[in-house]
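One-letter residues, chain by chain:
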Amino acid sequence: MLRALFLLLATAAPLSGHAAAGTGSGDKPTPPCSPADRAALLGFKAGITVDTTGILATWAGDDCCGGGWEGVACAAATGRVVSLRLQSQPGRYMNGTISPSIGGLEFLESLVVRDMGRIGGVIPDALSRLVRLQQLYLEGNALAGGVPGKVLSRMTSLRYLSLAGNRLEGRLPREHGDVRGLQQINLAGNRLTGGIPSSYGSLSSLEYLDMSSNLLSGVVPEFLGRFKNLALLDLSNNSFSGEMPASLGGLRHLADLSLSHNKIAGRIPPQIGSLRSLSSLALDDNLLVGPIPKSLFGLPKLWRLDLSKNKLTSALPDFAGGGSLKWLDVSRNAIGGQIPSSISKLGDLERLDISRNRVGGVIPATMAAMASLEWLDLSSNAIVGRIPDNFTGMTGVRHASFRGNKLCGRIPQAPPFLTGLAIWFYRCST
């Protein structure tokens, strides 16, 4: 949800200093487009060998600013192209390369070539001429080579950058740190290697940083905690190691934090419990140890918490403070103790997975008060006793698993416990 909102706000951001025309938006006629801009656009068109979107078929005639050239917008006062936004629909694509001629659009402020799937080759050096560019979205293509650090460093007006979902390789360029006004960086879904350069510490305006699903390594830098405007940080699906920096606890605007599927060790810093804006925290599939900080369950906006597939120990904390959690997954750890009766305070919880731990004791009858619960998995623990009779009132539960425990007794006489599937999950051991 947050990712989609960032994308919408960024691409809908108004162009600076003037109104854009070419989409039928103005009362006054727009001056005909510059011959140089028209030539640059036709150069891009020539670099595309196949276009099943039908967009480029509209690029005909002398005036690229008259509204007939799909995806092209011009400044109403000058007739210069200020925006080029080409976005594909499902099943449609463009095949070819990005022509260096695009560098001739010297007044361009927004360049979006998104989800074309088969546009390959390297990002041309000629894009360094686009010194007025504020938005660069080339995501969802087949671009290869490295992230062009020197090209980007010359785009001093750049605010939003996404090269996600391509085939980019190599290390992150240190020149990125020279573009001090960057608010969004999305390099997810590539083949980038190495660590995050220290020069990134200069990007104090960052609000969104997504480098997930690459081959990055090294430690998660302490300087990320200095990005006071950061709302989303996603470094998941990489090979980061070391400990989780406590400095992240100072990011008071952070709403989405994902470090899942890495090799991060040590304890969860208690400072993370200070992130009052946090709505989603994913630390699953790492090497984290120690107890779960109780402060996480007091975060007022946190609805998703995934700590599964770690080496967390101790007992589950007390849940007396309640919270707004809808999703709690602590499966595949080494958590002991027993399920606290205060878990019923998580009244909004829809999914609860405590499976594959060392939890003992009995199932607290107070859990029957969890009216929103739809998914319950307590399997593969050391729980004893019986399923409480009042669980018959949990009519919203669609999946319940109790197998692999030491339970015995009568199965509650209500769905989903009476189904053959539920009986398979709950076998009497005596």
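Parameters at a glance
- Residues numbered from 1 in each chain as written.
- Predicted model: local features only at pLDDT ≥ 70, side-chain atom pairs only at ≥ 80, totals over all residues.
- Heavy atoms only, no water.
- UniProt positions renumbered as here; feature names shortened; annotations may be inferred.
- Helix = DSSP H or I, 4+ residues; strand = E, 2+ residues; numbered from the N terminus.
- Buried < 20%, exposed > 50% of the residue type's maximum accessible area, 1.4 Å probe, protein only.
- Contact = heavy atoms within 4.5 Å.
- Areas by Shrake-Rupley, 256 points an atom, 1.4 Å probe, with all protein chains shown as cover.
- Pairing = 2+ DSSP bridges.
- Core = buried A, V, L, I, M, F, W, Y, C linked by side-chain atoms within 4.5 Å.
- Domains from an automatic or database assignment.
- Salt bridge = Lys/Arg side-chain N within 4 Å of Asp/Glu carboxyl O.
- Disulfide = S-S within 2.5 Å.
- Expected span 1.5 Å × (residues − 1).
- Arc of directions from axis to C-beta.
- Polar contact = N/O pair within 3.5 Å; in protein donor to acceptor, adjacent residues only side chain to side chain.
- Phe/Tyr/Trp six-rings, centres within 6.5 Å; stacked < 30°, edge-to-face > 60°.
- Lys NZ or Arg CZ within 6 Å of the ring centre and 35° of its normal.

The name given to the chain in an unreviewed UniProt entry is Leucine-rich repeat-containing N-terminal plant-type domain-containing protein, and the organism recorded there is Aegilops tauschii subsp. strangulata. What UniProt states about the chain under its Subcellular location (unreviewed entry) heading is, verbatim, "Membrane".

Q: Help me out: how do you make sense of the overall build of the chain in this one?
A: Check the secondary structure of the chain and you find four helices and 28 strands. The 430 residues of the chain split such that 54% are buried. For the chain, the share of sequence-separated contacts (at least 6 apart) that also reach a separation of at least 24 residues comes to 54%. Accessible surface for the chain amounts to roughly 17700 Å². Of this, 52% is attributable to carbon and sulfur atoms.

Q: Sorry, what's going on with the pairing of strand E20 (residues 287–290) here?
A: With three bridges connecting them, strand E18 (residues 265–267) and E20 associate as parallel partners. Along E20, the bridge assignment pairs glycine 266 with leucine 288. Where E20 meets strand E22 (residues 311–312), two bridges bridge the pair, whose relative direction is parallel. Across the sheet, valine 289 pairs through a bridge with lysine 311, a residue of E22.

Q: What am I meant to see in the nonpolar core here?
A: Proteins that are soluble and globular tend to have nonpolar side chains buried together. Trp59, Leu111, Leu136 and Leu328 are the most contacted members of the largest nonpolar core, which has 111 residues in total. Mapped onto this core, the elements with two or more residues apiece are helix H2 (35–46), strand E3 (72–75), strand E4 (81–87), strand E6 (110–114) and helix H3 (149–153). When residues of this core are assigned to domains, at least three map to each of domain 1 (31–216) and domain 2 (314–429).

Q: Sorry, what's going on with the pattern of salt bridges here?
A: Between side chains of opposite charge, pairing is possible as soon as their charged atoms come close. Under the criterion given, the structure shown has eight salt bridges. Residues arginine 386 and aspartate 389 are paired through a salt bridge, measuring 3.3 Å at the closest nitrogen-oxygen approach. For arginine 386, a relative accessible area of 39% translates into the label partly exposed. What makes aspartate 389 partly exposed here is its relative accessible area of 49%. In the salt-bridge network here, residues are joined through shared partners; they are Asp37, Arg80 and Glu106.

Q: What am I meant to see in the state of the cysteines here?
A: Disulfides are covalent bonds that connect the sulfur atoms of two cysteines. Applying the stated criterion to the full structure yields two disulfides. Each sulfur of the disulfide joining cysteine 33 and cysteine 64 lies 2.4 Å from the other. Where cysteine 33 bonds to cysteine 64 through sulfur, the torsion about that S-S bond is close to 130°, and the disulfide is right-handed. On the criterion of sequence distance, the pair formed by cysteine 33 in the loop between strand E1 (20–21) and H2 and cysteine 64 in the loop between strand E2 (48–51) and E3 is long-range, its members being 31 residues apart. A single burial state applies to cysteine 33 and to cysteine 64, both of which are buried. Two residues, cysteine 65 and cysteine 74, share a disulfide whose sulfurs are 2.0 Å apart. Taking the sign of the S-S torsion, about -85° here, the bridge from cysteine 65 to cysteine 74 comes out left-handed. This pair shows no difference in class: cysteine 65 is buried, exactly as cysteine 74 is.

Q: How do you make sense of H2 when you look at a structure like this?
A: Within an α-helix, residues lying three or four positions from one another point in the same direction, as the helix has 3.6 residues per turn. For H2, built from twelve residues, the straight-helix expectation of 16 Å at 1.5 Å per residue is met to within 8% by its first-to-last C-alpha distance of 16 Å. Turning to H2, its buried residues number three or more, namely Asp37, Ala40, Leu41, Gly43 and Phe44. Around the axis of H2, the buried residues are gathered within 155° of arc, so they sit on the same side. Exposed and facing more than 90 degrees away from the buried side of H2 are Pro35 and Ala46. Looking at the buried side of H2, the elements it contacts are E2, E3 and E4. Between the side-chain oxygen at the start of H2 and the backbone nitrogen of alanine 36 there is a gap of 3.1 Å, and the oxygen is on serine 34.

Q: Could you clarify how one ought to interpret the UniProt feature "domain: Leucine-rich repeat-containing N-terminal plant-type" (unreviewed entry) in the chain in this entry?
A: Those residues carrying the UniProt feature "domain: Leucine-rich repeat-containing N-terminal plant-type" (unreviewed entry) are residues 35–74 in this numbering. End C-alpha to end C-alpha, residues 35–74 measures 13 Å, and it is 30% helix and 18% strand.

Q: I would appreciate a short explanation of the packing of aromatic side chains in the present structure.
A: In this description, an aromatic ring pair is defined by two values, namely the gap between the centres and the angle between the planes. A complete count under the given rule lists four aromatic pairs for this structure. Relative to phenylalanine 319, the ring of phenylalanine 297 has its centre 4.8 Å away and its plane inclined at 85°; by these criteria the two rings are edge-to-face. Taken together, the residues span a long stretch of sequence, with phenylalanine 297 in the loop between E20 and strand E21 (304–306) and phenylalanine 319 in the loop between E22 and strand E23 (327–329) at a distance of 22 residues. Phenylalanine 297 sits in the buried class, given a relative accessible area of 4%. On the basis of relative accessibility, which here comes to 1%, the residue phenylalanine 319 falls in the buried class. Members of the aromatic cluster, joined through ring pairs, are Phe44, Trp59 and Trp69. The residue whose ring lies beneath arginine 114 is tyrosine 137, and the NZ or CZ to ring-centre distance is 5.1 Å. When the ring centre of tyrosine 93 is taken as origin, the NZ or CZ atom of arginine 118, which lies over that ring, is 3.8 Å away.

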